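Descriptive analysis of the structure
Here is what each chain is made of, one letter per residue.
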Amino acid sequence: MMKSAAVIPGYNVSKTIGEVVRRTLPMVDQVIVVDDGSQDNTAEVARESGALTITLEENTGKANATRVGLRRCEGFDVVVTLDGDLQHCPEEIPALIEGVMDGAQLCIGSRFFNDHSSMPFGSRFSNRVASWIISLLAGQRITDPQSGFRALDGRIVPELELRAERYAIEHVMILEAARKGFTIKEVPISCIYGSEQSNVRVLQDTCRVVYDILRFISR
Ligand SMILES: Nc1nc2c(ncn2[C@@H]2O[C@H](COP(=O)(O)OP(=O)(O)O)[C@@H](O)[C@H]2O)c(=O)[nH]1
Ligand SMILES: [Mg+2]
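So, here's what we can say about the structure.

Conventions we followed
Numbers given to residues run from 1 along each chain, matching the order in which its sequence is written. Chains and ligands are labelled by the order in which they are written, letters from A for the one and numbers from 1 for the other. Only residues with pLDDT of at least 70 get local features here, since the model is predicted, and only at 80 or more are side-chain atom pairs given and counted; chain-wide, interface and lining totals rely on the full set of residues. Think of the side-chain values as coming from all heavy atoms in the structure, minus any hydrogens and water. The buried label applies to any residue whose accessible area, calculated with a 1.4 Å probe on protein chains only, is under 20% of its type's maximum; exposed applies above 50%, and partly exposed to all values in between. Counting from the N terminus, the helices are the DSSP runs of H or I reaching at least four residues and the strands are the DSSP runs of E reaching at least two. Strands are labelled as partners when DSSP assigns at least two bridges between them. Nearness is defined per residue: one heavy atom within 4 Å of the molecule or strand is enough. A 3.5 Å cut-off defines polar contacts: any pair of N or O atoms within that distance qualifies, except that in protein one atom must be a possible hydrogen donor and the other a possible acceptor, and neighbouring residues in sequence count only when both atoms are side-chain atoms. Only the protein chains shown count as cover for residues, and the accessible areas themselves come from Shrake-Rupley with a 1.4 Å probe. Here the nonpolar group is Ala, Val, Leu, Ile, Met, Phe, Trp, Tyr, Cys and Pro; Asp, Glu, Lys and Arg are the charged ones; every other residue, Gly included, is treated as polar. Coordinating N, O and S atoms are those within 2.8 Å of the metal (3.2 Å for Na, K and Ca), and as water is not part of the atoms, a site may appear to have fewer donors than expected. For salt bridges, the criterion is a side-chain nitrogen of Lys or Arg within 4 Å of an Asp or Glu carboxyl oxygen. A contact between two residues is defined here by any heavy atoms of the two lying within 4.5 Å. Buried residues of nine kinds, namely Ala, Val, Leu, Ile, Met, Phe, Trp, Tyr and Cys, make up a nonpolar core once their side-chain atoms join them within 4.5 Å. Under this scheme, a helix contributes an axis fitted over its contacting stretch, all axes are lines through C-alpha atoms, and angles between N-to-C directions fall in the 0 to 180 degree range. Reported orientations rely on four angle classes, namely roughly parallel under 35 degrees, roughly antiparallel over 145, roughly perpendicular from 65 to 115, and oblique for the rest. In this scheme the handedness of a crossing depends on how the near helix is turned from the far one: anticlockwise by less than a right angle means left-handed, clockwise means right-handed.

What follows covers the pairing of strand β5 (residues 106-110). Most of β5 sits inside the fold, with five of its five residues counted as buried. Taking every second residue as pointing to the same face, both faces of β5 are buried, with Leu106, Ile108 and Ser110 on one and Cys107 and Gly109 on the other. As judged from the three bridges shared by β5 and strand β6 (residues 150-153), these two strands associate in the antiparallel manner. The residue of β6 that forms the bridge with Leu106 is Leu152. Here five bridges tie β5 to strand β7 (residues 184-188), and the two strands are oriented parallel to one another.

Structural data, given as structure tokens:
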């Protein structure tokens, strides 16, 4: 029997995390929410909705929260990551898991194979630039390097160092997987933009992504 887990990093997502957890529970064997020092009751809602919930005292960023969650995933065959703000559709998890079952070690959900007209211009632009750079560095076409909706082969999880901060984890994960010779694949997912607010600080976070990518390629 294949065993799967989902890791959901969450920062001030009390409005959406309940629904994300409830819809993710039927898709995997274990749902892990990492509440990253939220000021709202994200942790309480996640726990009440049925997730194993880890609370960090202070806000440490998406990368650290994801690493903390991944460390709890020992013994799972497949580990999925998704956002806590309902921008990913949990019912699409099986397609990602199937990608791993079919032999990919990292299966990324790409929003660019389906209608993505709801994506704000800024995000689309930064994604195009990131896609170009990451594809070049990874040696294969990656259409959605910023997507946080992914599935990983459980065996590679402990092998990944993921030395990145905040949103750079998505990019560094791809580069590290490529360098280690793992098979990376993309499958289509929905592109959902609702009333959620992004925590991305455009200038600061873009710099951080560039910095962490440079640090990775210099190692
Ligand atoms: N744990 C944790 N999660 C975060 C943090 N910032 C964002 N997230 C989560 O990461 C996901 C994506 O973040 P978001 O700010 O919506 O980025 P965007 O969708 O790319 O604009 C959401 O589920 C957030 O709850 C953080 O500082 N800590
Ligand atoms: Mg978001």
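Let us keep going from here.
Next up on the list: the site of ligand 1. Surveying the vicinity of ligand 1 reveals 18 residues, the closest of which are Asp36, Gly84, Asp85, Ser198 and Asn199. Take Ser198: an N or O atom from its side chain is 2.6 Å from an oxygen atom of ligand 1. Compared with its free state, where it exposes 540 Å², ligand 1 has 90% of that area covered by protein. Of all elements in the fold, only β1 (4-10), β2 (30-36) and α3 (62-71) reach the threshold of two or more residues within the shell around ligand 1. For the shell around ligand 1, the class distribution of residues is seven nonpolar, seven polar and four charged.

This part takes up the coordination of the magnesium ion (ligand 2). Ligation of the magnesium ion (ligand 2) by protein atoms is provided by Asp85 (OD) and Gln87 (OE1), these donors lying 1.9 to 2.1 Å from the ion. On the accessibility criterion, Asp85 (14% relative accessible area) is buried.

Okay, the pattern of salt bridges next. Following the criterion strictly, the structure yields 12 salt bridges and no others. A salt bridge links Arg155 to Asp153, with the shortest nitrogen-to-oxygen separation between them at 2.9 Å. On the basis of relative accessible area, Arg155 is assigned to the exposed category, the value being 65%. When its relative accessible area of 7% is taken as the criterion, Asp153 is described as buried.

Our next topic: helix α6 (residues 169-179). Most of α6 is tucked away: nine of the 11 residues are buried. Turning to α6, its buried residues number three or more, namely Ile169, Glu170, His171, Val172, Met173, Ile174, Leu175, Glu176 and Ala177. On the buried face of α6, the contacting elements are α3, β5, α5 (121-138), β6, β7 and α7 (202-218). Remark: Gly181 follows α6 within two positions and exhibits a positive phi of approximately 80°.

Further remarks concern the nonpolar core. Most often, soluble globular proteins have nonpolar side chains that are buried together. By size, the foremost hydrophobic cluster in this structure holds 36 residues, and its most contacted members are Leu106, Leu152 and Ile174. Of the residues forming this core, the biggest block, six residues, is contributed by α6. With residues near it in sequence (within four places) discarded, Leu106 still touches Arg150, Ala151, Leu152, Met173, Ile174, Ala177, Thr183, Ile184 and Lys185. Counting 24 residues, the second-largest nonpolar core is a separate cluster that includes Val13, Ile17, Val20 and Ala51.

Looking now at the packing of α6 against α7. With their axes 10 Å apart at the nearest point, α6 and α7 run at an angle of 15° to one another. Taken as axis vectors, α6 and α7 run roughly parallel relative to one another. Crossing handedness for the pair α6 and α7: right-handed. Seen from α6, the contacting residues are His171, Val172, Leu175, Glu176 and Arg179; seen from α7, they are Val209, Asp212, Ile213, Phe216 and Ile217. Residue classes in the contact of α6 with α7 are distributed as six nonpolar, one polar and three charged.

Let us look at the environment of Leu86. Its place among the elements puts Leu86 in the loop between β4 (78-81) and α4 (93-101). Sequence spacing of Leu86 and Leu25 is 61 residues, and the spatial spacing of their C-alpha atoms is 14 Å.

Two pairing modes exist for strands in a sheet, parallel and antiparallel, and in both the strands are linked by backbone hydrogen bonds. Pairing is mixed across the open sheet formed by seven strands, whose spatial order is β3-β2-β1-β4-β6-β5-β7. In this open sheet, the two strands that pair with only one neighbour each are β3 (52-56) and β7. Averaged over neighbouring strand pairs, the angle between their axes works out to 20° when direction is ignored. Here β4 pairs with β6 via four bridges, running antiparallel. Across the sheet, Val78 pairs through a bridge with Asp153, a residue of β6. Against the sheet, α4 contacts β1, β4, β5, β6 and β7, and its axis sits at roughly 30° relative to β6.

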